[in-house]
Amino acid sequence: MTVLDDRPAVPAQAAPAEPRTWSFVDRVTGERRPVTCMPGCASDHAGDVASPTHPDDICCARHLDDITLPINVNGDPEEFRVMGMMMNVNPFDRQVSQRLPHIDLEVVDDHWIEGLDPDGFETVINTLQARLEKMRAVHAELVRVRAEYRAAH
Ligand SMILES: [Zn+2]
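Source: prediction; values computed, not measured. (Residues numbered from 1 in each chain as written. Predicted model: local features only at pLDDT ≥ 70, side-chain atom pairs only at ≥ 80, totals over all residues.)

Glancing now at the overall build of the protein chain. Counting secondary structure elements, the protein chain contains two helices and seven strands. The N-to-C order of helical and strand elements in the protein chain reads β-β-α-β-β-β-β-β-α. Here the protein chain, with 153 residues, has 8% of them falling under the buried criterion. Sequence separation of 24 or more characterises 30% of the internal contacts of the protein chain that already satisfy a separation of 6 or more. (Helix = DSSP H or I, 4+ residues; strand = E, 2+ residues; numbered from the N terminus. Buried ≥ 20, exposed ≤ 12 C-beta atoms within 10 Å, placed from the backbone. Contact = placed C-beta atoms within 7 Å.)

Okay, structure coming up:
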């Protein structure tokens, strides 16, 4: 007899927590302004709440895992962050595009592509995907060339 496994293939995700709502005193106007955090915001807004803050400085962010690679800048390879991602929203930014969740992409150590909306982020992903496919082809060629080189020496 076959026992059917009716568990979902992907574990159900926990229901998202309610977004945090808080307020701060606008340093420009002196008024108290409400803020509702971006879902998943991991920013500590204690400083924003505790003292008058410029609205441009309000930022909700998700922290995403970093990866590093050893990169040679000055003769000795050092670990630098590559393809770092931050999901941010700056709800009062003077650039309206920053007022919706977006991605800031750290290509390598403090060199950023900022303010990516979903279409822009997809454009970057597609560019990198094409590069990865090229790297796979070059990898296969490297394996072949090394084998030929070893056989000849
Ligand atoms: Zn927040």
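For the rest of this paragraph, the subject is the pairing of strand 4 (residues 67-72). Sheet faces and side chains relate simply in a regular strand, where the side chains alternate between the two faces. With zero of six residues buried, strand 4 lies mostly on the surface of the structure. Bridge count between strand 4 and strand 5 (residues 77-89): six bridges; the pairing is antiparallel. Of the residues in strand 5, the one forming a bridge with Ile-67 is Val-82. A loop of four residues connects strand 4 with strand 5, the two strands running antiparallel in sequence, and Gly-75 in this loop sits at a positive phi of about 105°. (Pairing = 2+ DSSP bridges.)

Averaged over every residue, the pLDDT of the protein chain is 91; residues scoring 70 or more account for 89%. Mean pLDDT values over the elements of the protein chain span from 91, in strand 3 (residues 60-63), up to 98, in helix 2 (residues 118-152). (pLDDT = per-residue confidence, 0-100.)

Mapped onto the secondary structure, Gly-120 falls in helix 2. In sequence terms Gly-120 and His-102 are 18 residues apart; their C-alpha atoms lie 9.5 Å from each other.

Here we come to helix 2. Between its first and last C-alpha atoms helix 2 spans 50 Å; for 35 residues at 1.5 Å apiece the expected length is 51 Å, and the two agree. Counted residue by residue, helix 2 has zero buried out of 35 residues, so it is predominantly exposed. (Expected span 1.5 Å × (residues − 1).)

With that out of the way, let us pick up unusual backbone geometry. Unusually for a residue other than glycine, Met-83 sits at a positive phi of about 50°. With 13 C-beta atoms counted inside 10 Å, the residue Met-83 sits in the partly exposed group. Of note in the backbone geometry, Asp-110 takes a positive phi value of approximately 70° without being a glycine. Position of Asp-110 relative to the elements: it lies in the loop between strand 6 (102-108) and strand 7 (111-116).

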